[in-house]
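# Observations on chain architecture
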Amino acid sequence: MLPDIHDKITQYLTEKGVSWEVDDDSIIISHNIQGQTIKLAADNEGKFPHGLPVFRLLNRHHYGLMAHIDWNHDNDKGTVCIGHTDSISCDFNSPVILFYKALENAIDIVTKSLADTAYNKTEILNEYVAHWACSSNVDEHSLICMVPHTAGITDLVVRSASKQTTCGLDHYQIILPKDKNECNDGFSILQNAKDNKRQNKHKSCSLEINNLQLPPAPNESINEWWKKQLKALSPKLQSDLKNKSRITKAKIFYIIFHSKISSGTAWFSIKCTSKTKQRIPLTLDEIDNWKLDACEVKVFSKENILPRGGGQLDLQKKKVCIIGCGSIGGHIANQLCTSGVGSLHLADPDWFDIENTYRHVLNPNKCGLSKAISLKAELEYTYPYLTIETQDIKNSSLLDFRETKILDQFDLVIVAVGSPTDERAFNEFMVKNGVLTPVIYTWLEGYGVGGHSVLVDPATDGCLSCCYIDNTSCEPSLSPNLSFIEGGQVLFRNQGGCGSQFMPYSNLDAMQTALIASKLALRSLNEEIGRSMTVSWKGNSYMANANNIKLTHRFQRFDKNLQEIPLVREECDVCQ
Amino acid sequence: MSKLQSKYNKFHKTIKISQQDDEYKKAKEKDDLILSKIKIAFKEEGYPVKSNFRVGSFAVGSAIKSICDDHSDIDRAIVISEEDSPEDPLAPKKVIKSVLKKHGFKTPLIKKPCVTADYESKPIHLDYTVYKKLSWCGGYELAIGKEQSNEDNKYWDESEPKELLEWINNNVNHKSFLFDLTNDEYDQFIRIIRYLKRWRDFTYTNEKDRALVYSIGLTIMAREQFVPHIGDDGANDNKAFEDTIRNILNEGPYFISKGDDKYDLEVMLPVSPYREVFQNHGVTVGTKLYKQFSKLLNKLEKVEETRSLKKQCEILRDLLGDDFPEEDVSSKASSESAGYVGTTNVA
C-alpha cells in the first residue's frame, strides 16, 4: 500500500469513528462484537487498490470454527473471505472508499459468524472441503481420487507419486478402485497411475458419511475428530469398519471420505501412518496407535469432472457414428467427446498421411496408421468416460453403412466425407428405407469461403436432396444450393506435380465447420430441434477473389451466418 | 411458392428467345446478308461502314417470342465516320431502304430514328439505325428524320446507344445503394422484363395501343424499380414481379395524375439525349398503362396470397396468356441430368 493511500485511509477511518492503530505496516482495526473486541489486520499485501484489501482476523485460534474465515497451523491469523478478487471490479481510483466498503463487509462476516451459531454451522458444512484444507499440514503430494461415489465402504488402492519428479501428473498420488475403473483403459491418467515408476501401492478405502460432523476446529487433532465422527456413524457402519480393521493391517493407510452436503458431495481424506504394521484405524480402539493427518483430495469422477468441464452427463448414454475421420470428422469427434458424448463409432477407409499434418487433429506420429484407429487412441487417451469402436477399414466407406440394422444402433450418424455422390446415395437409402436415425452431413468449401452442416431428422420433412434443388430452376441439381462457390470451376491444386490434388483450406476452416456440425449434433442428441435444418458459416472472399474464383449469389447475400435454417424443398423428388 | 416458381421457369423457357433458337438463327442469317449488302452500298456512296453492333432486346438479352405477329425482331446499329458522313441524315437511311427492298423485304419504311422492314416470306422484322461516330470525342449521333420530314426535322442527334445498353446490363441496384445485383438477381431482372413484355403483348390486344407501350420504356422503369427476391428457398419471381410493379406505380416518378383518372407517363432516357421516351402520347399511354399495371399488381398480390397452385396458375394464365403452364399434379420437376459436375465439397 502506498504511503499516501495509507494516510488517507487512516484519516478516513478516524472520520468514520473506526478504532485503528498501526503495527509495522499493517492497519489494525478494532471492533466490538457482543462484548468482545476483535481485531482485523489490513496487511500490506495483495493487489489493493487493483483488488480488494486483505483482512486477517487476529487471535484466530481462539474463536474456533468460523464460516468464511480460514485458519492455519503456522500463525494465529485467519483471512476473512470477502470475495474473489478476479470476479470483482474495483474502483481503484477511489482506494479509500474501496478499503472502507471492504472493511464493512469483513466486519459483517466476522459478526455473523460469531453471533449467529446456526448460520455459522450451516456455512461451515457448506464449505466443508475448504475448512478441511485448513487442518491439512501434510507435506504430501496431492491426491487424485478416480473413484466413483459409492455407498458404504469401498476398497481402494493409492498409487504413490513418482519420486523422481516434482511437477506434472507424476507428482500426484492417484487413488483407484481395486476392481474396474469407470474410465476407459487408454485414458492418460489411468495409464500413468499404472506405470511402474509409481513403485508403492498403499491400501485405502472410501467411506460414505451420512451424518457429517463439523470439520476439525483449530488446535483439534485429526485423531480427536475421527473419533467424534466414528462415534456418530450408524452402528451398522461401525460394525463394518470394525470387521474391515480386523482383517487389514498396514503401515500407511488412506481413508477417503465423501458426504452429501447442500452444495454437492464433499470429498476429503485422512492419511494414517504407523511405525509398525498394524490394524487400520477404523475402530476407536485402533485410532490412538496411528498418526492421522488431514489431506485434500482432487476428485476425478464422472459426476464431478464432466459438469465442471462443461460436459453433459446425459450425453454419456448417447452413441454417435462418425463416418469420415478427416480434418472435419476428426474435430467433430474431439468436440463431441468434450461435450460428454459417451460412445463413438468411427469409420474411415483412409490412413493418416504426413500431408495431413496441420489440418488434422491427429499427431504426425500416426502417419501410416488408420485414421479411425488413431483417432480412437488419441481420444481415449484424452477423455476418460468414453467408449470408442472402430469400423473394419475394409467396410468403412459411407456406402457400406447402407444397412438398417447397423444404423438403428446409433442415436446419430455424422457424415463428414465430402463426397456429394456418396452422400446423396446414402440419403436416398435412408429415406427410401425409412431409417429413423438422424443424420448430419457436413462439408466445407475451399479458399476460406465457408462450410455447411445439414441435419436430416427422418421424423420430419426434408432430406439431403432438398439441398440439391437449383434455386433458380427449382429442378434437381448436382451442385448443392448451399454452395458459396460457383460450380464448374477448377479449384483443386497440385503441388510440385505430385499427381495428387488438394483443396486449399485451413485447419481453422475445418474446425469452424466441425463446430457447426457438433452444435447441431448436440441439439439433435438433446432433442432440442425437432426438424431438419441447415447451418452455414460464411468466411470471406479474400482468397477466392485473389484466385479469380467466382462466388455464388448465396455467398454474396448470405446474412444467416451460424443460424439454423429449416430444410425442406417441395420440389425434392426424394423426400416429398 | 417454389412449385409456382417451377411454373414461372417453364413459362420463361417457353417465351424467351436466345441466340440458340431457330427463330433467332433464321433472322440472323437474313440480318447478316442485309448487313453485307448495306456495307457494299454505303461504300459505294462514300461513307463506308466503320462498325456495327446489336441494339434492342437481343443486346439486352430480354428478347421474347411474339404472340402478336410471330416475328423475330433484330435491331442493329450501323456506324459511319463523322468525316465520311453526309450532311443529310436521310441519305444513308434511303440507301438502307433501297437494299431492303432489293432483298425481299416488303414496304421498308423510314421512321424517325430508324429504317424498319418485314421480310416477305419469313417472320423476320429488322430495324436499322444509322450513327455517325464523332472523331473528337468518340460519341455518337443518330440519323433522325422521315422521308417527308422538312429540314427542321432532319438532323444528326446526340445519342449514347452503347451507354444505354451498359446502363441496363450493369449490376447496379437502383433500389439499394448497399448491394449491387448478383448474377442470379440480374437474371431474375431479365426474366421480369420478359414477363412484363409478354404481359403487355397479351393485355394490349389492340395493335396500335400495344405499339405505343415501348419496350424500352418498360425496361427503364423495371430496371430502376426492380426488387430481387432470391432466398434460401430459391427464387421467387412472382414476388419480384409484384414488388417491381408496385414500385413502378407508387415509388417511381413515372405516372403523374392529371385528374379524372388520367395519368401522364414520363420515363426519361437515362443517357444522352435524355429525352422523354413516351413524348407526345404520355397521357394516352399513361392512363391506360396505369390502370393495367394496377390490375396486374392486384392479381400478383392475389397470387402471393393464394395457396392453391391451381388457382395461382389460373390467375397467371389470365394475366400472361396460355403459355403460362397449368397446374399438372402428376408432373414432377424433371430435367436432363448434367451427368456430373465438379462441386466444392471437401471434408
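Residues numbered from 1 in each chain as written. Chains lettered and ligands numbered in written order. Predicted model: local features only at pLDDT ≥ 70, side-chain atom pairs only at ≥ 80, totals over all residues. Heavy atoms only, no water.

### A short note on the overall build of chain B
Stated formally: Put simply, DSSP H or I for four residues or longer makes a helix, DSSP E for two residues or longer makes a strand, and each gets a number counted from the N terminus. Only C-alpha atoms enter the radius of gyration; for comparison, a globular chain is expected to reach 2.2 Å times N to the power 0.38, where N is the number of residues. With a 1.4 Å probe rolled over the protein chains alone, any residue whose accessible area is under 20% of its type maximum counts as buried; one over 50% counts as exposed, and the rest are partly exposed. What sets the accessible areas is the Shrake-Rupley method with a 1.4 Å probe; for residues, cover comes only from the shown protein chains. When charges are counted, Lys and Arg are positive and Asp and Glu negative, with His and the chain ends excluded. Here the site of a charge means atom NZ of a Lys, CZ of an Arg, CG of an Asp or CD of a Glu.
From N to C terminus, chain B includes 11 helices and 11 strands. In summary, chain B has a C-alpha radius of gyration of 22 Å against a globular reference of 20 Å for 347 residues, a match within 12%. With 347 residues in all, chain B has 51% of them scored as buried. Counting only carbon and sulfur atoms, one obtains 46% of the accessible surface of chain B, whose full area is about 16,800 Å². Taken together, the 54 basic and 59 acidic charged side chains of chain B have centroids lying 4 Å from each other.

### Focus on the nonpolar core
The tendency in soluble globular proteins is for nonpolar side chains to be buried as a group. Residues and elements named next belong to chain B. Worth spelling out the cut-off: Definition used in this section: a nonpolar core is a set of buried Ala, Val, Leu, Ile, Met, Phe, Trp, Tyr and Cys residues joined via side-chain atoms within 4.5 Å.
Counting 54 residues, the largest nonpolar core has F241, I245, L289 and F293 as its most contacted members. Of all the elements in the fold, those that place two or more residues in this core are α1 (2-15), α5 (161-169), α6 (183-203), α8 (215-225), α9 (237-250), β11 (263-265), α10 (282-305) and α11 (309-320). At 8 residues, α6 tops the list of elements feeding residues into this core.

### So, the packing of α9(B) against α10(B)
Residue and element names in this part refer to chain B. Just so we agree on the cut-off: Structural elements are reduced to axes, namely lines fitted to C-alpha atoms, with helices fitted over the stretch in contact, and the angle between N-to-C directions of any two is expressed from 0 to 180 degrees. By definition, any crossing whose near helix is turned counterclockwise from its far helix by less than a right angle is left-handed, and any crossing with a clockwise turn is right-handed. The contact rule is simple, with two residues in contact once any of their heavy atoms fall within 4.5 Å. In this classification, Asp, Glu, Lys and Arg are treated as charged, Ala, Val, Leu, Ile, Met, Phe, Trp, Tyr, Cys and Pro as nonpolar, and every other residue, Gly included, as polar.
Where α9 meets α10, the closest approach of the two axes is 9 Å, and the angle between their N-to-C directions is 145°. Taken as a pair, α9 and α10 cross one another with a handedness that is left-handed. Contact residues: α9 offers N238, K239, F241, E242, I245, R246, I248 and L249, while α10 offers Y290, F293, S294, L296, L297, L300, E301, V303 and E304. Class assignment of the residues belonging to the contact of α9 with α10 gives a composition of 10 nonpolar, 2 polar and 5 charged.

### Structural notes on the sheet that holds strand β4 (residues 55-58) of chain A
Residue and element names in this part refer to chain A. Put simply, the rule is: Only strands joined by at least two bridges in the DSSP assignment are considered to pair.
Across the sheet, which stays open at both edges, the 5 strands sit in the order β1-β2-β3-β4-β5 with antiparallel pairing between neighbours. Looking along the sheet, the strands with just one partner apiece sit at the ends: β1 (19-23) and β5 (77-79). Across the sheet, the axes of successive neighbouring strands diverge by a mean angle of 30°, strand direction being ignored. With 5 bridges joining them, β1 and strand β2 (residues 26-33) adopt antiparallel strand pairing. Among the inter-strand pairings, E21 is bridged to a residue of β2, identified as I28. Its contacts with the sheet put helix α1 (residues 3-15) on β1 and β2, and the angle it makes with β2 is roughly 20°. On top of the sheet, helix α2 (residues 95-115) reaches β2, β3 (36-42) and β4; it is set at about 140° to β3, its chief contact.

### So, the layout of surface pockets
Residues and elements named next belong to chain A. Rules: Site definitions follow a grid-based scheme: protein atoms alone, a 1 Å grid, a 1.4 Å probe that fits but cannot get out for cavities, and for pockets an open set with protein on both sides within 12 Å along at least five of seven lines, plus lining residues having an atom within 4 Å of a point. Grid points are joined across faces, edges and corners, and a volume is the space filled by probe spheres set on the points.
Put simply, the second largest pocket is a space of about 890 Å³. Contributing to the lining of the second largest pocket are 32 residues, with D350, N356, R359, K371 and Y505 lying nearest its centre. Among the residues making up the lining of the second largest pocket, the classes are represented as 13 nonpolar, 12 polar and 7 charged.

### As for the interface of chain B and chain A
Convention followed: Buried area adds together the accessible area that both of two parts lose upon being put together, with accessible area traced by a 1.4 Å probe. Just to be clear on terms, a salt bridge is a Lys or Arg side-chain nitrogen sitting within 4 Å of an Asp or Glu carboxyl oxygen. Pairing of N or O atoms within 3.5 Å defines a polar contact, subject to two protein rules: one partner must be a possible hydrogen donor and the other a possible acceptor, and residues neighboring in sequence count only if both atoms are side-chain atoms.
With 35 residues of chain B at the contact, the number on the chain A side is 42 residues. With both chains or domains summed, chain B and chain A bury close to 3,000 Å², and 49% of this area falls on carbon and sulfur atoms. Counting the surface chain B buries against chain A, the share from its top three residues, D232(B), T344(B) and A347(B), is 24%. The tally of links from chain B across to chain A stands at 3 salt bridges. In this structure, the salt-bridge partner of D232(B) is R554(A), at a minimum N-O distance of 2.7 Å. Here chain B and chain A share 14 residue pairs in polar contact (both at pLDDT 80 or more) between them. Breaking the side of chain B that touches chain A down by element, the ones donating at least two residues are α1, α6, β8 (230-231) and β9 (234-235) of chain B. Of the residues assigned to the side of chain B that touches chain A, the class counts are 11 nonpolar, 15 polar and 9 charged.

### Considerations on a positive patch on the surface
Residue and element names in this part refer to chain A. Our working rule: Each patch is built from residues that are more than 30% exposed by relative accessible area and take part in no salt bridge. Like charges join if they lie within 9 Å; nonpolar side chains (Val, Leu, Ile, Met, Phe, Trp, Tyr) join within 5 Å.
Judged by side-chain charge, K178, K203, R246, K249, K251, K277 and R279 come together as a positively charged surface patch. Secondary structure elements with two or more residues in the positive patch: β10 (249-261) and β11 (264-279). Relative to the elements of secondary structure, K178 occurs in the loop between β8 (173-177) and α5 (188-193). On the accessibility criterion, K178 (60% relative accessible area) is exposed.

### Focus on the side chain of D509(A)
Residue and element names in this part refer to chain A. Along the chain, the position of D509 falls in helix α14 (residues 507-525). For the buried residue D509, which engages in no salt bridge, the nearest side chain bearing the opposite charge is R359, 8.0 Å off. Among residues more than four places away in sequence, those in contact with D509 are L444, G448 and W537.

### Remarks on the pairing of strand β12 (residues 291-295) of chain A
Residue and element names in this part refer to chain A. The buried count for β12 comes to 4 of 5 residues, which makes it a mostly enclosed element. The sheet contact formed by β11 and β12 spans 5 bridges and is antiparallel. Note that in β12 the partner of C272 across the bridge is L292.

### Description of the pattern of salt bridges
Per the stated rule, a full pass over the model turns up 39 salt bridges over all chains. Counted as one network, the salt bridges with shared partners bring together K239(B), E242(B), D243(B), R246(B) and E301(B).

### Regarding the sheet that holds strand β16 (residues 387-390) of chain A
All names here are of chain A. With mixed pairing, the 8 strands of this open sheet are ordered in space as β16-β15-β14-β17-β18-β19-β22-β23. Strands at the two margins of the open sheet, each flanked by one partner only, are β16 and β23 (565-566). Relative to strand β19 (residues 450-456), strand β18 (residues 439-445) runs antiparallel, the two sharing 7 bridges. Residue Y441 lies in a different strand from β19, and its bridge partner there is V454. Most of the contacts of helix α11 (residues 371-382) go to β16, to which it runs at about 170°, and overall it touches β15 (343-347) and β16.

### Examining the packing of aromatic side chains
To keep it simple, the criterion reads: Here the aromatic set is Phe, Tyr and Trp, taking the six-membered ring for Trp, and pairing holds for ring centres within 6.5 Å; pairs whose planes are under 30 degrees apart are stacked, those over 60 apart are edge-to-face, and all others are tilted. Definition used: whenever NZ (Lys) or CZ (Arg) falls within 6 Å of the ring centre and also within 35 degrees of the ring normal, the charge is taken to sit over that ring.
Counted according to the given criterion, the structure contains 34 aromatic pairs over all chains. Measuring from centroid to centroid gives 4.8 Å for W132(A) and W225(A), while their planes differ by 70°, and the two rings are edge-to-face. Taken together, the residues span a long stretch of sequence, with W132(A) in helix α4 (residues 128-135) and W225(A) in helix α6 (residues 222-232) at a distance of 93 residues. Both residues of the pair, W132(A) and W225(A), count as buried. Ring geometry for F484(A) and F555(A): centres 5.5 Å apart, planes at 75°, overall edge-to-face. A residue pair is termed long-range when its members are at least 10 positions apart, and F484(A) in the loop between β19 and β20 (493-494) and F555(A) in helix α16 (residues 553-557) qualify at 71 residues. You can call F555(A) buried: its relative accessible area is 6%. Ring-pair connections join several aromatic residues into one group, and the members of that group are Y128(A), W132(A), W225(A), W226(A), F257(A) and F268(A). Lying across the ring of Y119(A), K112(A) places its NZ or CZ 4.5 Å from the centre. The ring of F53(B) has K162(B) sitting right over it, with the charged end atom 4.8 Å from the ring centre.

### Things to note about the confidence of the model for chain B
Residue and element names in this part refer to chain B. To be explicit about the condition: A residue's pLDDT is the predictor's confidence in that residue, given on a scale from 0 to 100.
Put simply, chain B has an average pLDDT of 89, and 96% of its residues get 70 or more. pLDDT under 50 marks residues 330-334. Its contacts with residues more than four places away, or in other chains, come to 8 contacts. Interface predicted TM-score (ipTM) for the complex: 0.71; the corresponding pTM is 0.82.

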